[in-house]
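Single-letter residue listing:
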Amino acid sequence: MRAPYFRNLQWVVPFRLSWRRQYSAVAWNRPRSHGPAWSTITSCIPRNRTFSVTSPVRTFLDAESTIYALSTAPGRAAIAVVRVSGPGCVQIYNALCPKGPLPRPRVAAVRTLYDPGTEPSTNSVLDSGALVLYLPGPKTVTGEDVLEFQLHGGPAIVKSVLSAISRTNRDDCLVRYAEPGEFTRRAFLNNRLDLPQIEALGDTLTADTEQQRRLAVRGASDALSKRYEQWRQQLLYARGELEALIDFAEDQHFDESSDKLVLSVASQVQALRVQIYLHIQNASKGELLRHGIKVALLGAPNAGKSSLLNRIVGKEAAIVSTEEGTTRDIVDVGVDLSGWYCKLGDMAGIRSEVGLGRSDAPVVIGAVEQEGIRRAKSRALESDVVIAVVSLEEGSEGKPYRLSVEPEVVDAVNDCVQAGKCIVVAVNKCDRLPASDRDGSLPSQVAGAVGSLFPAVPSRRIFGISCRAAQEGRVSEGCRDPGQIQGFLRGLIATFEEIASPSGIQGDEHGQYDLSYWEDSLGVTHRQSSNLQRCVEHLENFLAQTSPSKAPLTPNHESIEMDVDIVTAAEHLRFAADTLAKITGKGESGDVEDVLGVVFEKFCVGK
């Protein structure tokens, strides 16, 4: 059994070397503990400092220096907040506020800040009305003592206070300006935040829409970290059961055979693999909320794609002309639709390489337009939602209108359907319908024609619109929505909700389920999802290793033969647990002591 790392360790590093050279020599013996990675710890070592090490690494690396920084955005403002974290908070306060006692913990007090290099006087005042907060650790944002100065937000005042704090540095307490993200890093090192919460904090600061804000709030809780730790403990326990077969199978009596024990562990691992797989599926939907839903406008030339884009974004983002082939390249526009961030892409119209123009004269498509058509098809296949725009044209032979759809558009939509894309159909130019049919819904014959062309599109995703009527603000009798654009947007948002809702929701044995359990999965980041994918791969390797082979003994009976390498199977579980530990940044699959603890707890009680 390996002794704990740094136990009874006393050594001195007297050389004033760069911190990387100073500590890289001991990196090979990084402890397999439940703390953060060694690279994360060493990044906190102050440069050009001499340390006498008589305590664990965490103590002198994390608590040696005091850091400070401007927490609010730079520039002119009513208030600016300067935050200090570390053991020198009281020292800094006494230097800047010599005339006022230290405020009671977590109680704001108004203080006059003075220049620490001079006697307190009217000429040495930095800010005459600063609000000061003192928060002693460990129950603070960083886990250390925290001091906050809420100053008047003038640039000169902020600069003078920051300069004054830097002059409070002493040999026994280093005070320095914080590195980018160092407050958050100290919160991680002091177990105030884990990696999923830190990633959610970044999402909170960059959230632009309501859905992004909700996603960040879900990730800011510790629900995901607790779930990953629970899964890791399950794998640790399963590994302990397998280790018991290796260490105690010959001299201990088990209630069940080794084959049954392996099968029992495999069934538990299989159930866990299903949970993680559903978790990953919902994580991919969370990426739609975090980075935006890509929407492609697909249709023939002059079907109304650019006009629809302009109506959605509320400005002239794309050129609209009666001339066919106006749009050649992809025009991407970001827009917030009721809290959903969308990336709308207007593209070149799709038509046959040789077709008929409006004057029924042959039209040969040039190389530039061909490239635009190729890019349009590619962009549609990369999108999450494809809006197929078709139009109603003037009819003939006594019919007031006809549905105009290019065969190339139908083929492109079918390719998107096969690729698993969500299709929405917008029938434009509905102002050409008879006045009796302009009630906000498509006539049955038009809806039937669209359904026959796109059988994979449900009727709830087929909408009739009129971009011209929306631009002119015309409303029809019985429908107060100009051009039915708002109805189309409501249907589009309903589609977003459908594709981004959690899937695979399973209840307990009573049929009850906790929806928040599945909604939390939407907050998974790409880094977490990648580690979960690797975890599933290791679990699948374990299940392949422990799958039984069947050899029939008689025509009516079968015997299960187990040929399992227990050592290899246990290693697959260890690798899977390691990937879960990488997500939270704390803990690994378990040291020897942890695994043996599981073994003795299950098999050696009372022995």
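Residues numbered from 1 in each chain as written. Predicted model: local features only at pLDDT ≥ 70, side-chain atom pairs only at ≥ 80, totals over all residues. Heavy atoms only, no water.

## Side note on the overall build of the protein
- Across its full length, the protein carries 20 helices and 19 strands.
- Within the protein, contacts between residues at least 6 apart in sequence are counted, and of these 67% link residues at least 24 apart.
- Counting only carbon and sulfur atoms, one obtains 51% of the accessible surface of the protein, whose full area is about 30800 Å². (Helix = DSSP H or I, 4+ residues; strand = E, 2+ residues; numbered from the N terminus. Contact = heavy atoms within 4.5 Å. Areas by Shrake-Rupley, 256 points an atom, 1.4 Å probe, with all protein chains shown as cover.)

## Digging into the nonpolar core
- Counting residues in hydrophobic clusters, the biggest one holds 36 residues, and the most contacted among them are Leu-308, Val-385, Ile-387, Phe-488 and Phe-496.
- Residue contributions to this core peak at eight residues, all from helix 16 (residues 485-500).
- When neighbours within four sequence positions are excluded, Phe-488 is seen to be in contact with Leu-308, Ile-312, Ile-387, Val-424, Ala-426, Phe-463 and Ile-465.
- If you look at the next biggest cluster of nonpolar residues, it comprises 31 residues, including Leu-261, Val-269, Leu-543 and Ile-566. (Core = buried A, V, L, I, M, F, W, Y, C linked by side-chain atoms within 4.5 Å. Buried < 20%, exposed > 50% of the residue type's maximum accessible area, 1.4 Å probe, protein only.)

## Side note on the sheet that holds strand 4 (residues 79-85)
- Pairing within the open sheet is mixed, and its six strands lie in the order 5-6-7-4-3-8. This sheet does not close on itself; its edge strands, each paired only once, are strand 5 (109-114) and strand 8 (174-177). Across this sheet, the average inter-strand angle for adjacent strands is 30°, counted without regard to direction.
- Pairing analysis gives five bridges linking strand 5 to strand 6 (residues 125-135), with the strands arranged antiparallel. Within strand 6, the residue paired with Val-110 across the bridge is Leu-131.
- Sheet strands touched by helix 4 (residues 89-96): strand 3 (65-70), strand 4, strand 5, strand 6, strand 7 (146-152) and strand 8. Its angle to strand 7, the strand with the most contacts, is close to 35°.
- Strand contacts of helix 6 (residues 182-189): strand 3, strand 4 and strand 8, with the helix running at about 135° to strand 3, the strand carrying the most contacts. (Pairing = 2+ DSSP bridges. Axes fitted to C-alpha atoms, helices over the stretch in contact; angles between N-to-C directions.)

## Re the pairing of strand 10 (residues 331-337)
- Bridging between strand 10 and strand 11 (residues 340-346) involves seven bridges; their strand directions are antiparallel. Looking across to strand 11, one finds that Asp-332 is bridged to Gly-345.
- Counted between consecutive antiparallel strands, the loop separating strand 10 from strand 11 contains two residues, among which Ser-338 sits at a positive phi close to 55°.

## What about unusual backbone geometry?
- Cis peptide bonds are those with omega within 30 degrees of zero, and the linkage from Gly-137 to Pro-138 qualifies with 5°.
- Among the secondary structure elements, Pro-138 is positioned in the loop between strand 6 and strand 7.
- Of note, the phi angle at Asn-302 is positive, near 65°, even though the residue is not glycine.
- Residue placement: Asn-302 occurs in the loop between strand 9 (293-299) and helix 11 (305-313).
- Positive phi outside glycine occurs at Lys-429, with the angle close to 65°.
- With respect to the helices, strands and loops of the structure, Lys-429 is situated in the loop between strand 16 (422-428) and helix 14 (444-453).

## Description of the pattern of salt bridges
- Applying the stated criterion to the full structure yields 21 salt bridges.
- Between Arg-461 and Glu-498 there is a salt bridge; the shortest N-O distance is 3.0 Å. Here Arg-461, found in the loop between helix 14 and strand 17 (462-464), pairs with Glu-498, found in helix 16; they are 37 residues apart in sequence, far enough to count as distant.
- The class of Arg-461 is buried, set by a relative accessible area of 11%.
- The class for Glu-498 is partly exposed, based on a relative accessible area of 36%. (Salt bridge = Lys/Arg side-chain N within 4 Å of Asp/Glu carboxyl O.)

## Description of the environment of Arg-374
- For Arg-374, the position within the fold is in helix 12 (residues 367-382).
- Overall, the relative accessible area of 48% leaves Arg-374 in the partly exposed class.

## Concerning the confidence of the model for the protein
- For the protein, the average pLDDT comes to 75, and 71% of its residues sit at 70 or higher.
- Below pLDDT 50 for its whole length, residues 550-560 participates in ten contacts with residues either more than four positions away or in separate chains.
- This model gives residues 589-593 a pLDDT under 50, and the stretch forms 16 contacts once residues within four places in sequence are excluded. (pLDDT = per-residue confidence, 0-100.)

## Things to note about the environment of Gln-445
- Checked against the element boundaries, Gln-445 lands in helix 14.
- Taking the relative accessible area as the measure of exposure, Gln-445 reaches 47% and is therefore partly exposed.
- A polar side-chain atom of Gln-445 sits 3.4 Å from a polar atom in the side chain of Ser-444. (Polar contact = N/O pair within 3.5 Å; in protein donor to acceptor, adjacent residues only side chain to side chain.)

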